[in-house]
Amino acid sequence: MKYQAVIFDLDGVLVHTDRYHYLAWKTIADELGVTFDEKINNRLRGVSRMACLEIVLETYDEPLTDEQKAYYAERKNQRYKQLLEELSTQDLSDEIRHTMVSLREHGVKLAIGSSSKNAKLILQRIGLDDFFDAVSDGTNIVHSKPHPEVFLKASDYLGILPQQCLVIEDAMAGVEAALAANMDCAVMGDALGHPQATYRLNHFPDLLHIVLGQDEKRKA
Ligand code: BG6
Ligand code: MG
């Protein structure tokens, strides 16, 4: 086996909550009257809520006080959580579920490595609250991605060395975090363009072959 553990990012990897993040930030950007599009949104992938707000505010004329920032970050989260109410077990694809179950059957440890403080709520809604061997998320870190902390904590919780963990990411900041943690990284979505990604995961079930060491050809 090439990797002992797989650490999954959550938003945009296991579930399409990246879309909800986009919609919630769009509401805030519209209220502030600032431009917000997919290109700006891609920079929000993997980074903490407050860091996202700073990016959204880049084109806002006046500086905001800390209280105002806290207000907008909270409003965004309220809107986001409203959208999360629509999330259900139907939002986890069979393809992803089956791949994770197969990995588990092969003795691979599975963890979450997410910057989100809503990770446990999302896992509950998609029926995975008791599924993972470890959950490292926005509630147990000081620094969000691209800092490696969230992945290093996940490997620590699992008791598996970073070099034996494979990270799955859709965010450029997440790939940076994985590399800084000394972990290989399989990428999807927006992170497909990262030049240092270890594997490009165009088809989720290929993950099994990558982890078992049967697929060198998909190496980026
Ligand atoms: C990451 C998302 O998973 O979590 C980011 O990719 C988001 O876009 C971050 O900002 C923090 O999420 P939350 O749910 O704590 O606001
Ligand atoms: Mg993500």
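(A) Quick peek at helix H3 (residues 49-56). For H3, the set of buried residues is Cys 52, Leu 53, Ile 55 and Val 56. Looking straight down H3, one finds its buried side chains confined to an arc of 160 degrees; they lie on one side. Residues of H3 that are buried make contact with helix H1 (17-32), helix H2 (38-44) and helix H4 (66-84).

(B) Examining the coordination of the magnesium ion (ligand 2) more closely. Distances from the magnesium ion (ligand 2) to its protein donors, namely Asp 9 (OD), Asp 11 (O) and Asp 170 (OD), fall within the range 2.0 to 2.1 Å. Linear spacing of the donor residues for the magnesium ion (ligand 2) on their chain is D-x1-D-x158-D. Highlighted residues: Asp 9 in the loop between strand E1 (5-8) and H1 and Asp 170 in the loop between strand E4 (165-169) and helix H8 (172-180), separated in sequence by 161 residues. A relative accessible area of 5% places Asp 9 in the buried class.

(C) Molecular detail of the site of ligand 1. Around ligand 1, 16 residues are found, and the nearest of them are Asp 11, Val 47, Arg 49, Ser 116 and Lys 117. For ligand 1, an oxygen atom lies 2.7 Å from a polar atom in the side chain of Asn 118. Its free accessible area being 400 Å², ligand 1 has 96% of it covered by the protein chains. Of all the secondary structure elements, the ones that give two or more residues to the shell around ligand 1 are H3 and H4. Two domains each donate at least three residues to the shell around ligand 1, and these are domain 1 (5-15 + 89-218) and domain 2 (18-84).

(D) The sheet that holds E4, seen in detail. The strand order E3-E2-E1-E4-E5-E6 describes an open sheet built from 6 strands, whose pairing is parallel. Both edges of this open sheet fall to strand E3 (134-136) and strand E6 (199-200), since each of them pairs with a single strand only. The sheet contact formed by strand E5 (residues 184-187) and E6 spans 2 bridges and is parallel. Counted as the bridge partner of Ala 186 is Tyr 199 from E6. Across the sheet, helix H7 (residues 149-158) is in contact with E1, strand E2 (109-113), E3 and E4; its angle to E3 comes to roughly 160 degrees.

Parameters and conventions
Residues numbered from 1 in each chain as written. Chains lettered and ligands numbered in written order. Predicted model: local features only at pLDDT ≥ 70, side-chain atom pairs only at ≥ 80, totals over all residues. Heavy atoms only, no water. Buried < 20%, exposed > 50% of the residue type's maximum accessible area, 1.4 Å probe, protein only. Helix = DSSP H or I, 4+ residues; strand = E, 2+ residues; numbered from the N terminus. Arc of directions from axis to C-beta. Contact = heavy atoms within 4.5 Å. Donors = N, O, S within 2.8 Å, 3.2 Å for Na, K, Ca; no water. Near = heavy atom within 4 Å. Polar contact = N/O pair within 3.5 Å; in protein donor to acceptor, adjacent residues only side chain to side chain. Areas by Shrake-Rupley, 256 points an atom, 1.4 Å probe, with all protein chains shown as cover. Domains from an automatic or database assignment. Pairing = 2+ DSSP bridges. Axes fitted to C-alpha atoms, helices over the stretch in contact; angles between N-to-C directions.

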